[in-house]
Amino acid sequence: MLNAAALLLALLCAANAAEPDLADKLRNDSELSQFYSLLESDPIANSTLSLRSCTIFVPTNEAFQRYKSKTAHVLYHITTEAYNQKSLPNTVSSDMAGNPPLYITRNTNGDIFVNNARIIPSLSEERNSNGKRQIMHIIDEVLEPLTVKAGHSDTPKNPSAYNFLKNAEEFNVDNIGVRTYRNQVSLEKKESMFEAAGQHTFLVPVDEGFKLSARSSLVDAKVIDGHVIPNTVIFTAAAQHDDPKTSAAYEDLLKVTVSFFKQKNGKMYVKSNTIVGDAKHRNGVVLAEIVKANIPVSNGVIHLIHRPLMIIDTTVTQFLQSFKFMNENADNGPLRKFYEVIMDNGGAVLDDINNLSEVTILAPSNEAWNSSNINNVLRDRNKMRQILNMHIIKDRLNVDKIRQKNANLIAQVPTVNNNTFLYFNVRGEGSDTLITVEGGGVNATVIQADVAQTNGFVHIIDHVLGVPYTTVLGKLESDPMMSDTYKMGKFSHFNDQLNNTQRRFTYFVPRDKGWQKTELDYPSAHKKLFMQDFAYHSKSILERHLAISDKEYTMKDLVKLSHESGSVVLPTFRDSLSIRVEEEAGHLHDEYASHEWTGYVIIWNYKKINVYRPDVECTNGIIHVIDYPLLEEKDVVVAGGSYLPESSICIILANLIMITVAKFLN
């Protein structure tokens, strides 16, 4: 019995002895070979791995391929305490000279980051070597410390944000200068803000951002506060998109938040939003590109940005022109392509903007210009001028003002294009606010609102207005003003045909408010129009609104034909639609409208129906949004708790006659 126990113990010892340690794991994993070669050549790292408990953050070979610096610092990837993923604290001291900290952050998806590198959760390993607990975490990026240039041995090896600001020229940060901002920090006696212990995020504008001679004088103590996110470390990879954080400039009379966002091309931006301003600090958003990100310091992280936040000192025109000067990278700046299209079109639109004392621009993002539909019209200067003008509003229109206008369901705003309107819809509150805008048949989402300038606002949108990219069905489905018509067509299967790109449709679509008016006029009928059991009758009503032909008809076409023939007869699915269209001056829109213009009126069966939104272009036709359905009392027969349109009654009577005749013949 004793011999058996001894044998078992010997086997267990042999198994433990045979278990590979972390050094073996690193040596044998071909995906980690570059880090292992660095570790082998560093005697301190080798000693730690042989003799001490430790945690090692190991970048993959793929991470090294993306690493741009010449030197990778292996000791910056090691800490002499063993931490699994759950036990990792907010900071750990690295084994590099000066013991600069590594910052551990977690995002809402459960990802864990070490500085700017994500831990790949399934690849962590734990081993015991000579009784010492050792843990390895595989990461997707090489950790890069802040290092001192050669010849500056007296410069701190683990500097605070203030040490960095004071001696920026002595650190390896691509020779980017911050002298102007440093001088303002000193002038305003805000050094303590950058010396404060803890874990903070510092946003530091570079000298290039102070080319406007008066700009530096606008950097006061409150503006400096607005460049610091206290008690929170944010590295760009871990940053939540557009998640506002409270800045140090957040008090009763001044409230400024800061958030990060990323373009599809990978460029990172930061923005300040002055929610509550004062006489010296205007309300609104200021965007800045991050030109050097993720500089770790002893009390947090620094991001160098291309211009100061909070300061609103340029016109809309100057703001657009600034993308020309940022650098030679053609993809640089979130509105670079918008500016290029304006200049390729002769630049006159920019002159028009410059002449406006108050202006709001709906500016398509760089990605918005990539559609093939847009390439087809870029060469047509006249068309492009109309399209660009559709993005310009002669008014200072921020989100709060849009929301006020939106109190009447849809906010309608005129553009500089004659008789062309944009239609805003605002849903949600605070950070959940979603703003959409429709113009020329295109629904766009505002992806960055309230970029403030001295004479107005810029809202960045995700599509180019006036260049349709959806079918009639796609437009119905996405436009909040037409949701009732879409729902009715969906359950009656009327919508099935509207994706057909071989046909050309002219669809007179009652807006939701129009259907609501029928509820007052014909309450019983209105209720049944939206019931599944009456789908056939709903479909019959909708068929009257849809002209199907080999071409679509704009409102100008219909006015012209009406003048020539007295009326227009348009082919529909079962029959035809006879209407007359006229131009008429006056308030043709909501009673809250503050402007007059010449609009369109449809005359049908002696009734006048206002055209609320004419000429909404689609890829397979055109939509005219009307204020009331083509419906009247004699269309609807209510009997025995149900109703039938007149056309349906005729069909049923015909069927009854045929059944009677068939029985008689039999």
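Quick notes on the rules
Residues numbered from 1 in each chain as written. Predicted model: local features only at pLDDT ≥ 70, side-chain atom pairs only at ≥ 80, totals over all residues. Heavy atoms only, no water. Helix = DSSP H or I, 4+ residues; strand = E, 2+ residues; numbered from the N terminus. Buried < 20%, exposed > 50% of the residue type's maximum accessible area, 1.4 Å probe, protein only. Contact = heavy atoms within 4.5 Å. Areas by Shrake-Rupley, 256 points an atom, 1.4 Å probe, with all protein chains shown as cover. Salt bridge = Lys/Arg side-chain N within 4 Å of Asp/Glu carboxyl O. Pairing = 2+ DSSP bridges. Phe/Tyr/Trp six-rings, centres within 6.5 Å; stacked < 30°, edge-to-face > 60°. Lys NZ or Arg CZ within 6 Å of the ring centre and 35° of its normal. Axes fitted to C-alpha atoms, helices over the stretch in contact; angles between N-to-C directions. Parallel < 35°, antiparallel > 145°, perpendicular 65-115°, else oblique. Left-handed = near helix turned anticlockwise from the far one by under 90°. Core = buried A, V, L, I, M, F, W, Y, C linked by side-chain atoms within 4.5 Å.

Engineer: Would you mind going over the overall build of the chain with me for this structure?
Structural biologist: Within the chain, the regular secondary structure consists of 22 helices and 31 strands. In the chain, buried positions account for 51% of the 666 residues. Counting contacts in the chain only where the partners sit at least 6 residues apart, residues at least 24 apart contribute 62% of the total. Counting every atom, the chain has about 31200 Å² of accessible surface; 49% of that belongs to carbon and sulfur.

Engineer: Help me understand the pattern of salt bridges in this model?
Structural biologist: Side-chain pairing between opposite charges can occur once the charged atoms of the two side chains come close. Counting across every chain of the model gives 31 salt bridges. Close ionic contact of Lys383 with Glu617 constitutes a salt bridge, the shortest N to O distance being 3.9 Å. One end of the pair, Lys383, is in helix α14 (residues 381-389); the other, Glu617, is in strand β28 (residues 607-618), with 234 residues separating them in the sequence. Using a relative accessible area of 25% as the deciding quantity, one classes Lys383 as partly exposed. With a relative accessible area of 30%, Glu617 lands in the partly exposed category. For Asp557, the salt bridge identified is with Lys551, shortest N-O distance 3.8 Å. A relative accessible area of 34% places Lys551 in the partly exposed class. Members of the salt-bridge network, linked through shared partners, are Glu438, Lys475, Asp479 and Arg613.

Engineer: Any chance you could explain unusual backbone geometry here in plain terms?
Structural biologist: The phi angle at His493 is positive, at roughly 65°, despite the residue not being glycine. Its place among the elements puts His493 in the loop between α17 (483-491) and β23 (504-510). Unusually for a residue other than glycine, Asn605 sits at a positive phi of about 50°. Within the secondary structure layout, Asn605 lies in the loop between β27 (597-604) and β28.

Engineer: What exactly am I supposed to notice about helix α18 (residues 512-521) here?
Structural biologist: Since the α-helix advances by 3.6 residues per turn, residues separated by three or four positions end up pointing in the same direction. When α18 is considered as a whole, its buried residues turn out to be Asp512, Lys513, Gly514, Trp515 and Thr518. Looking at the packing, one finds that the buried side of α18 touches α17, β23, α19 (523-529) and α20 (535-543).

Engineer: Sorry, what's going on with the sheet that holds strand β5 (residues 112-114) here?
Structural biologist: Whenever strands of a sheet pair, they do so through backbone hydrogen bonds, lying parallel or antiparallel. With antiparallel pairing, the four strands of this open sheet are ordered in space as β3-β4-β5-β6. If you trace the sheet from one side to the other, it starts and ends with β3 (91-93) and β6 (117-118), each paired once. Where β5 and β6 come together, two bridges link them in antiparallel fashion. By the bridge assignment, Phe113 is partnered in β6 with Arg118.

Engineer: Just to check I follow, could you spell out the packing of aromatic side chains for this structure?
Structural biologist: The relative placement of two aromatic rings is captured by the distance of their centres and the angle of their planes. All chains considered together, the criterion is met by nine aromatic pairs. Relative to Tyr269, the ring of Phe261 lies with its centre 5.4 Å away and its plane at 15°, an arrangement referred to as stacked. Just as Phe261 is buried, Tyr269 falls in that class too. A centroid spacing of 5.8 Å and a plane angle of 45° characterise the contact between Tyr423 and Tyr612, whose relative ring orientation is tilted. Within this pair, whereas Tyr423 is found in strand β19 (residues 421-427), its partner Tyr612 is found in strand β28, the two being separated by 189 residues in sequence. Comparing Tyr423 with Tyr612 shows no difference in burial state: the two are buried. Through successive ring pairs, a cluster of aromatic residues spans Tyr181, Phe194 and Phe202. The ring of Tyr612 has Arg511 lying over it, and the distance from NZ or CZ to the ring centre is 3.9 Å.

Engineer: Where do I start with the pairing of strand β15 (residues 300-305) in this structure?
Structural biologist: Regular strands place their side chains on alternate faces of the sheet. The buried count for β15 comes to six of six residues, which makes it a mostly enclosed element. With six bridges connecting them, strand β9 (residues 200-205) and β15 associate as parallel partners. Among the inter-strand pairings, His200 is bridged to a residue of β15, identified as Gly300. Remark: two residues form the turn of the hairpin made by strand β14 (residues 284-297) and β15, two consecutive strands paired antiparallel.

Engineer: Help me understand the environment of Pro614, please; the structure alone is not making it clear to me.
Structural biologist: Of note, Pro614 is situated in strand β28. Judged by relative accessible area, which is 18%, Pro614 ranks as buried. Separated by 10 residues in the primary sequence, Pro614 and His624 place their C-alpha atoms 4.6 Å from one another. When neighbours within four sequence positions are excluded, Pro614 is seen to be in contact with Met555, Tyr600, Ile623 and His624.

Engineer: Explanation requested: the packing of helix α11 (residues 336-344) against α14 in the structure shown.
Structural biologist: For any two helices packed against each other, the geometry comes down to the angle between their axes and how far apart the axes lie. Interaxial distance between α11 and α14 falls to 10 Å at its minimum, and their mutual angle equals 135°. Judged on the interaxial angle alone, α14 and α11 are oblique. Once α11 is placed against α14, the crossing between them reads as left-handed. Of α14, the residues touching α11 (which contributes Phe338, Val341, Ile342 and Asp344) are Arg381, Met384 and Leu388.

Engineer: Help me out: how do you make sense of α17 in this one?
Structural biologist: Those residues of α17 that fall on the buried side of the exposure criterion are Asp484, Thr485, Tyr486, Met488, Gly489 and Phe491. In this structure, the buried side of α17 is in contact with α16 (472-478), β23, α18, α19 and α20.

Engineer: It is not clear to me how the nonpolar core should be interpreted in this structure. Could you clarify?
Structural biologist: Counting 49 residues, the largest nonpolar core has Tyr507, Phe508, Ile579, Ile602 and Ile623 as the members making the most contacts within it. For this core, the leading source of residues is β28, giving five residues. Apart from the residues within four sequence positions on either side, Ile602 is in contact with Phe508, Met555, Ile579, Arg580, Val581, Lys607, Lys608, Ile609, Val611 and Ile626. Listed in part, the 36 residues of the second largest apolar core include Cys54, Val58, Tyr83 and Ile104.

Engineer: I would appreciate a short explanation of the pairing of β14 in the present structure.
Structural biologist: Among the 14 residues that make up β14, 12 are buried, leaving the element largely enclosed by the rest of the structure. As judged from the six bridges shared by strand β13 (residues 268-276) and β14, these two strands associate in the antiparallel manner. Bridge pairing in β14 places Tyr269 opposite Glu289. Bridging between β14 and β15 involves five bridges; their strand directions are antiparallel. Its bridge partner lying in β15, Val297 is registered against Gly300.

Engineer: I would appreciate a short explanation of the side chain of Gln184 in the present structure.
Structural biologist: As for its placement among the helices and strands, Gln184 is situated in helix α7 (residues 179-187). If we skip the residues at most four places from it in the chain, Gln184 touches Ser216, Val219 and Ile224.

Engineer: Can you walk me through the environment of Lys490 in this structure?
Structural biologist: Residue position: Lys490 is located in helix α17. Lys490 gets classed as exposed once you look at its relative accessible area, which sits at 53%.

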